[in-house]
Amino acid sequence: MPSSSSPSSTQQQLMTIDESVTLIPGLPYDVASLILSFIPYSHQSRLKATCKSWCLFFSSKTLIFHRRKLSRLSHLLCIFPEDPSISSPFLFDASNLAWRPLPPLPCNPSTYSLTNFTSVSLGPDVYLVGGSHFDARSFPLDLPLPTDSAFRFNFITFSWERIAPMISPRGSFACAAVPGLNQIIVAGGGSRHSLFAAGGSRISSVERYDVARNEWVEMDGLPRFRAGCVGFMAEESGEFWVMGGYGDSRTVSGVFPVDEYYRDAVVLELKKNDDDGSHGWGTWREVGDMWGEGERTRLGKIVVMEDEDHRRPEVFMLDNNDISRYDKALNRWHKETSVPRKVPCKKSFGFVALNGELHVMSPVNGIDSMETRRPRQHKRGTLFIQVYHPRKKTWRSIYTKPPFPQPLDFSTAVMCSIKL
């Protein structure tokens with residue numbers, strides 16, 4: 001696989017424009033390309049069939065460069081409803097309520113039921129890393145195994161490509177992109193599978209993927225075994241945070257395994273060498289418990305919203321029907337708001353951050369009972385999204401019809417956002 005270009009050479013390639021091509025008759029190329037660059041990403045695929053020049057333009061790096069320069073990138077949600085080798089993932093444009101399918105992951109006939117993998121975006125690419133699955137070549141067949149596989153989806157070629165495998169196979173782990181270094185870092189995990197409540201192994205290893213070199217490099221491990229944890233990068237402080245998760249398990253009545261969840265967080269600092277300008281990683285620092293005994297048993301669903309002005313991430317948690325904000329200085333969670341339309345605790349729901357807003361997603365079946373005066377009828381499989389704006393402290397709601405053949409199960413679906 002060819003190595004990635006350096007930032008300067010990549011930018012030079014993006015700025016290369018064939019001005020002899022006619023995009024819109026009567027308009028210079030630069031004006032026409034500027035106009036077409038304002039079209040949302042979710043609508044571009046339908047316009048490719050207009051003519052050959054449009055097809056080439058909407059498939060080029062030139063378009064991505066223009067949209068990034070104009071700050072017109074669409075903030076999209078990439079949803080993997082289940083094993084991506086058997087069920088195609090989709091891009092969702094919440095601003096235009098538009099869906100676009102992506103090709104399924106290359107299939108391996110020996111493995112099946114991939115779950116607890118992680119997807120993360122870095123630049124204009126989406127990466128799918130690790131996970132747990134069953135292997136028909138292993139014994140016993142009902143034993144979940146972690147995988148070291150890693151893939152990248154290239155939106156220019158609109159295809160998946162396999163990248164170097166991880167050093168340690170893992171599923172259900174912390175993961176974050178490090179845009180400044182063009183790297184991805186993963187921590188913890190094990191062989192956890194969605195069909196097993198507390199089965200599988202736990203590991204503490206940490207490694208990072210260098211995109212330019214297409215290689216994984218081992219790093220100092222976590223202070224203790226940790227799986228099912230959440231990771232994010234705080235760019236303003238150069239810190240990689242790992243929150244929550246579980247370590248050892250205990251048994252109830254000596255039979256049923258139950259996870260022992262952590263209440264703390266650990267942090268790894270990115271340090272810069274002033275002599276040569278290179279970057280290196282420090283040692284892990286333990287932050288301590290984020291809540292007291294009896295307050296809660298585990299973390300809820302976590303999302304990180306980037307502050308574009310200060311590059312300071314805001315961390316939010318959805319726990320049942322309450323949204324809390326993390327106070328880094330106090331190492332505590334404070335209630336921010338409650339979801340207007342309550343979601344049943346046993347019902348699966350999604351929680352994502354898009355365009356500076358928090359989206360609480362839940363499937364709707366039958367009649368929408370939120371409006372008692374004028375009930376609204378919705379077809380089975382409708383997706384109800386409640387949107388909260390943290391700065392304005394306001395709520396709004398939208399409905400959309402997902403293209404999936406069955407309702408989304410947000411307890412197992414994997415999601416990540418990307419700007420295109």
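Bear in mind that the values here come from a model prediction, so they are computed numbers and not experimental data. (Residues numbered from 1 in each chain as written. Predicted model: local features only at pLDDT ≥ 70, side-chain atom pairs only at ≥ 80, totals over all residues. Heavy atoms only, no water.)

Caption draft 1: Structural detail: the sheet that holds strand 2 (residues 90-93). Strand order in the open sheet made by the 4 strands is 3-2-1-31, with antiparallel pairing throughout. The open sheet has two edge strands with one neighbour each: strand 3 (98-101) and strand 31 (414-419). Pairwise comparison of adjacent strand axes, ignoring direction, gives a mean angle of 25 degrees for this sheet. In this structure, strand 2 lies alongside strand 3, joined through 4 bridges in antiparallel fashion. Bridging across to strand 3, L91 finds its partner in R100. (Pairing = 2+ DSSP bridges. Helix = DSSP H or I, 4+ residues; strand = E, 2+ residues; numbered from the N terminus. Axes fitted to C-alpha atoms, helices over the stretch in contact; angles between N-to-C directions.)

Caption draft 2: Summary view of the side chain of T147. Here T147 lies in the loop between strand 8 (145-146) and strand 9 (150-154). Ignoring any residue separated from it by four or fewer positions in sequence, one finds T147 in contact with L114, G130, G131, H133, M166, P169 and R170. (Contact = heavy atoms within 4.5 Å.)

Caption draft 3: Main features of the pattern of salt bridges. Applying the stated criterion to the full structure yields 16 salt bridges. Of the charged contacts in the structure, one is a salt bridge between E207 and R170, with a shortest N-O distance of 2.7 Å. With E207 in strand 13 (residues 206-210) and R170 in the loop between strand 10 (159-162) and strand 11 (174-178), this pair connects stretches of sequence that are 37 residues apart. The residues E207 and R170 share a single accessibility class, namely buried. A salt bridge links D319 to R296; its shortest N-O distance comes to 2.8 Å. Taken together, the positions of D319 in strand 22 (residues 313-319) and R296 in the loop between strand 20 (279-289) and strand 21 (301-306) put the pair 23 residues apart, joining distant regions of the chain. Note on R296: relative accessible area 21%, which makes it partly exposed. One connected set of salt bridges, linked through shared partners, spans E314, R325, E336 and K393. (Salt bridge = Lys/Arg side-chain N within 4 Å of Asp/Glu carboxyl O. Buried < 20%, exposed > 50% of the residue type's maximum accessible area, 1.4 Å probe, protein only.)

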